[in-house]
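Listed below are the residues making up each chain.
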Amino acid sequence: MSFFSWAWDWITQSANWHGSGSIPQQIVAHLGYSALPLLIASLIAVPAGVAIGHTGRGGVLVVNLANGWRAIPTLGLLILLAVFLGFSFVTWLLPLVVLAIPPILVNAYEGVAGVDHGVKDAAKGMGMTPWQQVTRVEVPIALPLILVGLRTGAIFVVATATIAAYIGLGGLGRFIIDGLASDQYGPVAGGALLVVVLAVLVLALFALLSRLVVPAGLRGQSKLGRTE
Amino acid sequence: MMWSWIPQNWSLIWNLTWENAKLGVLPALYGLVISLPLGIVAARWRWFYPPVLTVVNVLYAIPSLALFIALIPAFGLTDTTVIIALTVFSLCVILPNVVAGLRAVPAPIRQAATAMGYSALRRLVTVELPLAIPVIIAGLRVAVVSNISLASLGQLIGVSSLGYLFIDGLQRDFPTEIYVGLVLIIVLALVCDLILVGVRRALTPWEPRRERRERQERAVPARRLAA
């Protein structure tokens, strides 16, 4: 049997849709576990990236740090925290926040730092205060990239929340980890398919969002966008 | 930290490190081999790129653990499963860099090559690709470093890697193992990264060593993935 037939058989069993630990419950839990770290990471990384991009100081450091960051294995970090703290709020929240910060930070920085100098000079020449330059000119122009960063951060978090099930977190990872532990491929495949669907929905959501919030004159640029 | 554990388990540690290196490096090379022709086509015929990029973005959104799982029925709990999944991710990272690198070749340089009588193929191989090397290698570095870290997830489906030390360390409540795993993965990734920097320098002796590099590597749709 193929992956999809296993996954489909499991997802369409009505027993999996009712009671505690059912599919709808775990989807909601998964979204909750993903939204909170993403929110915290955005509140830290977007202002920081915009500030660094505006002043132009510390940019090289940010980019290099983000590069090195990739090497940190999330599974290892989660397990290390679990060994020391047991299963707590911090155990799962911290690695997810840590994970989401670099792409958001780097894209916000790159977006603002990359704003055309002529445009920046024009904003200054029109008598805008630095605050106005940032909020009315630089951030709107950087918005496609900022959204790419948020999208990447969101996708990382949705993906990694799955792995956090290994140390006891709820969400869709439960089906995968428990299924692997009990040698049942059905829930493993079903859980994996649901995570993929969720990740693709996040992607679509951000595509929609960028249509709604990006200034008309900039649309199409995000196609060149980088993910970090 | 129990230092004596390390020499006692030297051969285990060495085998896992080697396995992890293989699971990280091979997919990046395969990804490069697939990305080059696709990227060359996408850089030349512009209409080809947007649909490819959409596919790449969707593939990139698939959590690696989910992709491992999806490949199990076809390839079992083997290295192949992990290598194929990570090849897909490497492709997603490297392909945009190949396209960006080729497109960034200044038009006057291309025109000069044509004026000197270069055929399209000769121009591509001897002018455009060499000039794109720094950007392509920037993508390769991202892919290798991410793969080495992601390969540890293969352990969740029983494919051995340094991830074994995490899981065994958790089960035995033995932090030493977890530290060793973390440090080795990071060191392994940094070593591979440095090797690639060396390769880039060797291949592009005309590049200035420092300032321009930063600029070029940042002009790149580099990506990073997590879990």
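Residues numbered from 1 in each chain as written. Chains lettered and ligands numbered in written order. Predicted model: local features only at pLDDT ≥ 70, side-chain atom pairs only at ≥ 80, totals over all residues. Heavy atoms only, no water.

Draft legend 1. Representation of the overall build of chain B in the model. Helix and strand counts for chain B come out as 10 helices and zero strands. What you see in chain B, going N to C, is helices and strands ordered as α-α-α-α-α-α-α-α-α-α. Overall size of chain B, expressed as C-alpha extent along the three principal axes, is 70 × 40 × 25 Å. Looking at chain B as shown, the accessible area adds up to about 9,800 Å², and 69% of this sits on carbon and sulfur atoms. (Helix = DSSP H or I, 4+ residues; strand = E, 2+ residues; numbered from the N terminus. Areas by Shrake-Rupley, 256 points an atom, 1.4 Å probe, with all protein chains shown as cover.)

Draft legend 2. Seen up close, the interface of chain A and chain B. Of the residues lining the interface, 48 residues belong to chain A; the matching set on chain B comes to 44 residues. Taking both partners together, chain A and chain B bury about 4,000 Å²; carbon and sulfur atoms supply 76% of that area. Scanning the region where chain A abuts chain B turns up two residue pairs in polar contact (both at pLDDT 80 or more). Of all the secondary structure elements, the ones that give two or more residues to the side of chain A that touches chain B are helix H3 (59–69), helix H4 (74–85), helix H5 (89–113), helix H7 (130–163), helix H8 (173–181) and helix H9 (185–213) of chain A. For the side of chain A that touches chain B, the element with the most residues is H9(A), which contributes nine residues. A breakdown of the residues in the side of chain A that touches chain B according to their chemical character gives 34 nonpolar, eight polar and six charged. (Contact = heavy atoms within 4.5 Å. Buried area = accessible area lost by both parts, 1.4 Å probe. Polar contact = N/O pair within 3.5 Å; in protein donor to acceptor, adjacent residues only side chain to side chain. Nonpolar A, V, L, I, M, F, W, Y, C, P; charged D, E, K, R; others polar.)

Draft legend 3. The confidence of the model for chain B, seen in detail. All names here are of chain B. Here chain B averages 88 in pLDDT, and 92% of its residues register 70 or above. Ranking the elements of chain B by mean pLDDT puts helix H10 (residues 211–218) last, at 49, and helix H2 (residues 10–44) first, at 94. Below pLDDT 50 for its whole length, residues 218–227 participates in 57 contacts with residues either more than four positions away or in separate chains. Taken together, the chains of this predicted complex give a pTM of 0.84 and an interface ipTM of 0.80. (pLDDT = per-residue confidence, 0-100.)

Draft legend 4. View of a nonpolar patch on the surface. Residue and element names in this part refer to chain A. Taken together, Leu 36, Phe 84, Leu 85, Phe 89, Val 90 and Leu 94 make up a surface patch of nonpolar side chains, about 550 Å² in accessible area. The element that contributes the greatest number of residues to the nonpolar patch is H5, accounting for three residues. Structurally, the position occupied by Leu 36 is in helix H2 (residues 23–55). Classification of Leu 36 as partly exposed rests on a relative accessible area of 33%. (Patch = residues over 30% accessible without salt bridge, like charges linked within 9 Å, V, L, I, M, F, W, Y side chains within 5 Å. Salt bridge = Lys/Arg side-chain N within 4 Å of Asp/Glu carboxyl O. Buried < 20%, exposed > 50% of the residue type's maximum accessible area, 1.4 Å probe, protein only.)

Draft legend 5. Structural view of the pattern of salt bridges. Residues and elements named next belong to chain B. All chains considered together, the criterion is met by nine salt bridges over all chains. Taking the shortest distance from any N to any O, the salt bridge between Glu 19 and Lys 22 comes out at 3.6 Å. With Glu 19 and Lys 22 both in helix H2 and three residues apart, the pair spans about one turn of that helix. Take Glu 19: its relative accessible area is 14%, and that puts it in the buried class. Each member of the salt-bridge network shares a partner with another, and the members are Arg 44, Arg 110, Arg 123 and Glu 128.

Draft legend 6. The arrangement of the nonpolar core in detail. Membership of the largest hydrophobic core comes to 135 residues, with the highest contact counts inside it found for A:Leu75, A:Ile79, B:Phe68 and B:Ile69. In terms of residue count, helix H7 (residues 120–151) of chain B provides more of this core than any other element does, 14 residues in total. In this view, B:Ile69 contacts A:Phe3, A:Ile176, A:Tyr185, A:Val188, A:Ala189, A:Ala192 and B:Ile157; residues no more than four positions away in its chain are not counted. (Core = buried A, V, L, I, M, F, W, Y, C linked by side-chain atoms within 4.5 Å.)

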